[in-house]
Amino acid sequence: MKQKNSLQNSDSYRASGVIKAIPLLLWLIFSGNLVCLLYYLVVEPEWSFGNLVNINGFTLLIGSIVTFFSAVISNYAKTYLHGFKYHARFMVLCLLFTFSVISLVTFNHVVLLLLSWFLMGVMMSKLIGINTGWAEARQASKFTQRYFLTGSFFLSIGVLFLAFQSNTFLLSELISGLGELPKLTLILASLSIIVAAIVQSAIFPFHRWLLSAMTAPTPASALMHAGFVNGSGILLALFAPLLFASNTLDLLLIIGGLTAIIAQFTKLLQVNVKQKLACSTIAQMGFMIMQCGLGFFNAAVAHLILHGFYKAYLFLSSGEEIASSKPQKPLHIKIKPLQAVVVLVFGIVGAIVFAQLTGKGMAWDSGIFLTLIVAITVGQATYNIVKQKSLSTVQKIVIPPLLFMSGIGLYAFMYNGVTLLMKDLPMVAVPLPITTVQIVFGVVFLIGFFIMKLGVYQKVPWLYVKFMNLSQPYQKTVLMYKSKSL
Amino acid sequence: MSQQHVLTSIEEASKVIGKTWPLYSFVTSNPLAGYEQSSFKEAIQSAKEHLGAQIFPEASVYRQALNQGEIQREALSKLLKENGFDQAPEYYLDVMESAKSTEEVNVQHDLDRMMAKWLAAFMDEGLAEWEMPGKKEGFYQAWRKLAKYDKELGITYENVIPKNSSEALREALKDHPHDEYTNIFTYHLASMPGWTGYINYRSESNSLWQQKYPISLQDYLGVRLWIAHHWKMEIVPTKEESKVDLDSMKLQYVWLKAWEKSWQNELLNLLEKESIQENNASLDAQLVFCIDTRSELIRRHIESKGSYETFGYAGFFGIAMDYKSIEDGQIRKSCPPIVASAYQVSEVPQAKKEQSFQRFERRNKQLKFGKYFLKRMKNMLPSAFGFVEGSGFFYGLILMARTISPRYLYRIKQKYATSHETFCEPELQHIAKHKSETLDIPLIEKVAIVKSAFDLLGWSQFARLVLFVGHGSHTANNPFGSSLDCGACAASPGRHNARMLASLANEPEVRKSLQEDHDIVIPESTIFIGGEHNTTTDDIVLFDSEVPYSHREDLRKLKADLKLAQGTATQDRLQVKNNSIEKAEEKANYWGETRPEWGLAKNAGFIVGPRALTKNKNLESKCFLHSYDWKQDSTGKALEGIMQGPMVVTQWINNHYYFSTVDNSTFGGGSKITHNITGKFGVVQGNGGDLKMGLPLESIKKSDDEMYHAPLRLSVLIQAPLARIEEILSRNENLQKLLDNEWIYLMVMDPLNENEIKRYSRGLEWIQSTAQKKVGAVGAKKVKEVILEEVFA
Ligand SMILES: [Zn+2]
């Protein structure tokens, strides 16, 4: 008895050491990464170690970001998971996950790349099922693992196919040698990689795993939504030249765009906070894929970082949604002509500022699309502000430009920084000529906007049920088991 | 088949479910309240049978209690022997440990999932922007209109589904005899006790949501049984051999009783120690706190800082009121759920402070717009994408700030929090049932409110400063925040009730009438002030903006002492020597904190008597304390009020803690770390499922394996003449039932008989306390009989 006790004590002693040490370690790695990043920006060194390791701006950028998230999240989990049976295991998984992401952007060898990708999935599914005493969580873990294995499988097919065809296992050589491969090879490889990417990002029709992953403790969800789902943005940026060479960008645009719209509608009917956040993530990932499809891989990377901040925050604070409220109908206020002019003017000014600061949309190419979205966003913000009665006229005139100037300014800062750091990666910011698909898609987007604005979707009951069922979690992860006391 | 029969059967069946309260007003109620007319033993047996729940503490908890000395070995061995268990306690621990609960595949999985999906969609309280179509027509009708689009259900035409829920029930039950109904309904209500409990709550409270979007248990059963019928499922529960092992239950029950007995012994021993009586000749101030167990700690620490007299009074301060918030205009109940509200309190600007009032309202509107604006930007296409890109950087900054400096943010929040108490005063009005009724309150009612406070508490002299201190908790990112607020105020903070009572007691006409009509003389120099005890940080805020200049110095000294008391109280509570206040503030505002404070955990006793009885004794926040002086209550009316009100409410709280502890996943909320908020009012675990109905694991356990709250039934101790209590009990059948059915224990300290302690036993019998070691042979025999009879006859 005594022995057993002291054994337990030393176990729990070790565990509490792990729990304290890992967040600290992650903060250290983050600081180290950040220092290297700044040094890199100033000195621009060449950091290659043999053929295997290649550290460039992108490596340091992703490394800083992922360590930032895991440091913040493990720090949070230190208290949040206090007393949880698997507290130490959570920390270890969090650390291993971080290493997988770092190695994904550090190694130049395709086998290591595939291994990192695979490990990311393994760690994530382990986090989803970390509470092994909970049968639904075990089901969710298995379920998500199947998706991640599928993703890894497709990625391996695509990448190994390319490697064998071009006789090299080095990523850099493989990318630079794409021009010599037959078109069919390129298409097959890029399709496989796209599948891997959209599985990871829970893009339709592979979205169900993300909606079934709430058995993970809240901080694990934060890590998932800020650091895991957007792995596809990294992957696609690494293989940007392949996507260009195989002419598969329009496919990304279509899949991403459709997902963005559908998931955004699906989000509106969610009654659970975490499912709502998951639908929002799916929509944002759709948008990110769409940015890739427009040739702006750097914009996609900027988006994945900013979205990571946003979504990590919302998950970590997801306990704040309890409130007593009254049933009420949303007000529909008509806009007056003068207000409409203000909205229009601000929208245009916003677009011009955006174009000036980011260089997107300055020419007649796919950048127009992104600038258009900024213009509408600024317009929507202005619209909401000018019709608000509690604000004075001065406030109505001052607040919108203040908001959008700071928003656009900070975005441009991020975007330009990301672009600078990604300069070693080939073809990550190549605006495409305007194609029919893009125009069609622009129109679809505008229609989606108007449907939402006018609220007509609310009058279509079957759509409600359709979207509701589309966003249900995997059945075996809900109410599948009953515990029985003896 | 008569509709009446169906309704009666539903009513009968609904005993099995409790009430799931919304988390924004989390009332800690007994989940087995439906069985309060039956005995504790019957209630738990039924819970075990229908809900498959654990009903006793786990063996590992008993083991911890035994090892920590909370279960006295002597008491335990004695009880075990008396009940025919002759082995050593450890032997029985091993026996109990060998029984483990198992996980089985849910035979009604699809049905449960289907119901959970539609119930969550229907009962949402504004989380979704796109609400379930047709909600206004009620649950059954709304579901019926949408069911044909639900592929899983397998229906193409709406007309296949009966037009209303009673027809649906008729169709589903057509092959079943009437006397099976109750059984069937019980089974189907008990398969989702959380959601059905919330339906129960909604129909009883008739909330605004219920008025607009009605739902009833009949609707639920109609949909559920019709789907089951349509899917050709068996709707009668399969008769498993009921494996209720009476022997093992008896064993567990003996352990529980031994634990309870041990605690009572300890309490009585503590109370018997001689108090150090102090000379209260000149009082610095008097403070009235809620009976809440957390008040015990702060009272002890304040008393040690100077000549302070403290009292315990139900935290709604005797005002049966609703409170209208100045921030969102909503009206919330602010008195015990068992009391009907007669008044409404709202805020009006103090004299010459209209400007601040208007500024506040304007700012408030802008804040509201800010929230609406964010929601709009996040929800709309395509601004959702633009918004994330434009604001992501700011989110990164707050992410960092909340991680690094929760305490600094807390200080800022406290500093800039627009505390409307500085320019508002509460106004008491009637709740008008008809338009023609006047809202003004006659003087006589105001006087009655103030008088009853002094009557109940046994007040003898007035200090210059008299404080009524409500309590509220301040926590961040905590869905269960309201469970930490005042139970006597229906899970609202008690500050407004405290302010209201202070304001009434300061009215000159009220004082005049008290003196002339009731002989209660309040010196002119006495000032009443409302306040709030922040139970997370032990800070006490005083709403003193209207205190006259003459009392400034007294107030300054009082505040300094309260600060000192905060320091030592937090040291005591958090078990740290240095920076205890900082640590408490961090706990209050850190978003990663799942145990910001312990609420009422460890509650086990309710002591009704003068403070002298408990003063200078450390009760470790385990007791509710109600002030009472039997000498000033010749008619027994005051005591009767205490037993009908606070005693019943504390029993609810205590039973809530008991059941949440013994089976946290059934009666409690499960672990907070995987909670998923639903509909703005509740939580589910993980991906969804049944609504959670009780306190989370983090409120009652130190860790997944270590206990914190000891699940013991409430022991009430009253100091009053025995005859008076017998009278009250024979007048109040419900109170006697509560005792006879063993939901609580009662001990009486009889001042007319040298403060001897007697324990209540079934049917108005009394047993002399064994702790006093005066028990004769008869007494001992009786104890034995009683236990043998109670434990599973
Ligand atoms: Zn209270």
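Residues numbered from 1 in each chain as written. Chains lettered and ligands numbered in written order. Predicted model: local features only at pLDDT ≥ 70, side-chain atom pairs only at ≥ 80, totals over all residues. Heavy atoms only, no water.

Participant: What should I look at first to understand the overall build of chain A in this one?
Facilitator: Along the backbone of chain A there are 19 helices and three strands. Relative to the compact-globule value of 23 Å for 486 residues, chain A shows a C-alpha radius of gyration of 24 Å, a close match. On the principal axes, the C-alpha backbone points of chain A span a range of 80 × 65 × 45 Å. The burial tally for chain A puts 60% of its 486 residues in the buried class. The long-range fraction of contacts in chain A, counting pairs at least 24 apart against all pairs at least 6 apart in sequence, stands at 80%. A total of about 19000 Å² of accessible surface is found on chain A, and carbon and sulfur atoms cover 70% of it. (Helix = DSSP H or I, 4+ residues; strand = E, 2+ residues; numbered from the N terminus. Rg over C-alpha atoms; globule rule 2.2 N^0.38 Å. Buried < 20%, exposed > 50% of the residue type's maximum accessible area, 1.4 Å probe, protein only. Contact = heavy atoms within 4.5 Å. Areas by Shrake-Rupley, 256 points an atom, 1.4 Å probe, with all protein chains shown as cover.)

Participant: Please clarify how the packing of aromatic side chains should be interpreted in this entry.
Facilitator: Within this structure, the stated rule accounts for 71 aromatic pairs over all chains. An angle of 25 degrees between the planes, with centres 5.9 Å apart, marks the rings of A:Tyr411 and A:Tyr415 as stacked. One end of the pair, A:Tyr411, and the other, A:Tyr415, are both in helix α17 (residues 393-421), four residues apart, so they sit about a helical turn from each other. The class of A:Tyr415 is buried, set by a relative accessible area of 4%. Three or more aromatic residues link up through ring pairs in this structure, and these residues are B:Phe311, B:Tyr313, B:Phe317, B:Phe454, B:Trp459, B:Phe462, B:Phe468 and B:Phe528. The side chain of A:Lys360 reaches across the aromatic face of A:Phe296, ending 5.8 Å from its centre. (Phe/Tyr/Trp six-rings, centres within 6.5 Å; stacked < 30°, edge-to-face > 60°. Lys NZ or Arg CZ within 6 Å of the ring centre and 35° of its normal.)

Participant: Even after reading the chapter, I still don't get unusual backbone geometry, so can you show me in this structure?
Facilitator: With glycine set apart, most residues show a phi of negative sign, and most peptide bonds adopt trans. Residue A:Pro205 is bonded to the preceding A:Phe204 through a cis peptide linkage, with omega at 0 degrees. By secondary structure assignment, the location of A:Pro205 is in the loop between α7 (183-200) and α8 (208-211). Of note in the backbone geometry, B:Asn477 takes a positive phi value of approximately 55 degrees without being a glycine. Take B:Asn477: it is sitting in the loop between β8 (465-472) and α19 (495-506). On the accessibility criterion, B:Asn477 (10% relative accessible area) is buried.

Participant: Honestly, the pattern of salt bridges in this entry has me stumped. Any pointers?
Facilitator: Where charged atoms from two side chains of opposite charge approach closely, those side chains can pair. Residues and elements named next belong to chain B. The tally for this structure, following the rule as stated, stands at 42 salt bridges over all chains. A salt bridge links Asp544 to Lys559, with the shortest nitrogen-to-oxygen separation between them at 2.6 Å. Of this pair, Asp544 sits in the loop between β10 (539-543) and α21 (552-574) while Lys559 is found in helix α21, placing the two residues 15 residues apart along the sequence. For Lys559, a relative accessible area of 39% puts it in the partly exposed group. Across the salt bridge formed by Lys557 and Asp561, the nearest N and O atoms sit 3.1 Å from each other. Within this pair, Lys557 and its partner Asp561 are both found in helix α21, separated by four residues, close to a single helical turn. The exposure class assigned to Lys557 is partly exposed, which follows from its relative accessible area of 38%. The buried category is assigned to Asp561, whose relative accessible area is 10%. Three or more residues are tied together by salt bridges with common partners; here these are Lys637, Glu640, Glu727 and Arg731. (Salt bridge = Lys/Arg side-chain N within 4 Å of Asp/Glu carboxyl O.)

Participant: So what exactly am I meant to see when it comes to the sheet that holds strand β18 (residues 765-768) of chain B here?
Facilitator: Sheet strands line up and pair through hydrogen bonds in the backbone, either parallel or antiparallel. All names here are of chain B. Overall, mixed pairing links the six strands, which are arranged β12-β11-β15-β16-β17-β18 in an open sheet. Strand pairing shows two members of the sheet lacking a second neighbour, β12 (623-626) and β18, which therefore form its edges. For this sheet, the mean angle separating the axes of adjacent strands, direction not counted, is 25 degrees. As paired strands, strand β17 (residues 756-761) and β18 are joined by four bridges and run antiparallel to one another. Within β18, the residue paired with Lys758 across the bridge is Gln768. Lying on the sheet, helix α23 (residues 637-644) is in contact with β11 (605-608), β12 and β15 (715-719); it crosses β11 at an angle near 165 degrees. (Pairing = 2+ DSSP bridges. Axes fitted to C-alpha atoms, helices over the stretch in contact; angles between N-to-C directions.)

Participant: Explanation requested: the environment of B:Leu23 in the structure shown.
Facilitator: Among the structural elements, B:Leu23 can be located in the loop between α1 (3-13) and α2 (40-51). For B:Leu23, a relative accessible area of 3% puts it in the buried group. Counting along the chain gives 457 residues from B:Leu23 to B:Phe480, while the straight-line C-alpha distance between them is 6.1 Å. The contact partners of B:Leu23, leaving out residues within four places of it in the chain, are A:Ile322, B:Pro479, B:Phe480, B:Ser482, B:Phe681, B:Gly682 and B:Val683.

Participant: I tried to follow the interface of chain B and chain A on my own but got confused; where do I start?
Facilitator: In many analyses, interface size is given as the accessible surface area lost on bringing the parts together. Contacts between the two partners involve 110 residues from chain B, matched on the other side by 116 residues from chain A. Taken over both partners, the interface formed by chain B and chain A buries close to 10200 Å², and the fraction arising from carbon and sulfur atoms is 62%. Interface area lost by chain B to chain A is led by B:Trp130, B:Glu389 and B:Asn687, which between them contribute 10%. On the surface where chain B and chain A come into contact, there are two salt bridges. Linking chain B with chain A are 51 residue pairs in polar contact (both at pLDDT 80 or more), by the criterion used here. Every element with two or more residues in the side of chain B that touches chain A is listed here: β1 (102-105), α6 (109-123), α11 (208-212), α15 (354-379), α16 (383-404), β13 (675-678) and β14 (682-685) of chain B. If you tally residues by element for the side of chain B that touches chain A, the top one is α16(B), at 18 residues. When its residues are assigned to classes, the side of chain B that touches chain A shows 44 nonpolar, 33 polar and 33 charged. (Buried area = accessible area lost by both parts, 1.4 Å probe. Polar contact = N/O pair within 3.5 Å; in protein donor to acceptor, adjacent residues only side chain to side chain. Nonpolar A, V, L, I, M, F, W, Y, C, P; charged D, E, K, R; others polar.)

Participant: Would you take a moment to explain the side chain of A:Thr477 for this structure?
Facilitator: By secondary structure assignment, the location of A:Thr477 is in the loop between α19 (461-470) and β3 (481-484). At 2.6 Å, the side chain of A:Thr477 forms a polar contact with the backbone oxygen of A:Tyr474.

Participant: Please explain a positive patch on the surface as it appears in this structure.
Facilitator: Where like charges cluster on the molecular surface, the positive patch consists of A:Lys326, B:Lys324, B:Arg362, B:Lys365 and B:Lys368. Among the elements that make up the positive patch, the one with the highest residue count is α15(B) (three residues). (Patch = residues over 30% accessible without salt bridge, like charges linked within 9 Å, V, L, I, M, F, W, Y side chains within 5 Å. Lys, Arg positive; Asp, Glu negative; His and termini not counted. Charge placed at Lys NZ, Arg CZ, Asp CG, Glu CD.)

Participant: In this structure, what is going on with the side chain of B:Gln286? I would like to understand it.
Facilitator: Residue and element names in this part refer to chain B. Secondary-structure assignment places Gln286 in strand β2 (residues 285-290). Of the residues examined, Gln286 reaches a relative accessible area of 0% and is grouped as buried. When near neighbours in sequence (up to four residues on either side) are disregarded, Gln286 contacts Glu309, Phe311, Trp459, Gln461, Phe462, Ala463, Leu465, Val466 and Leu467.

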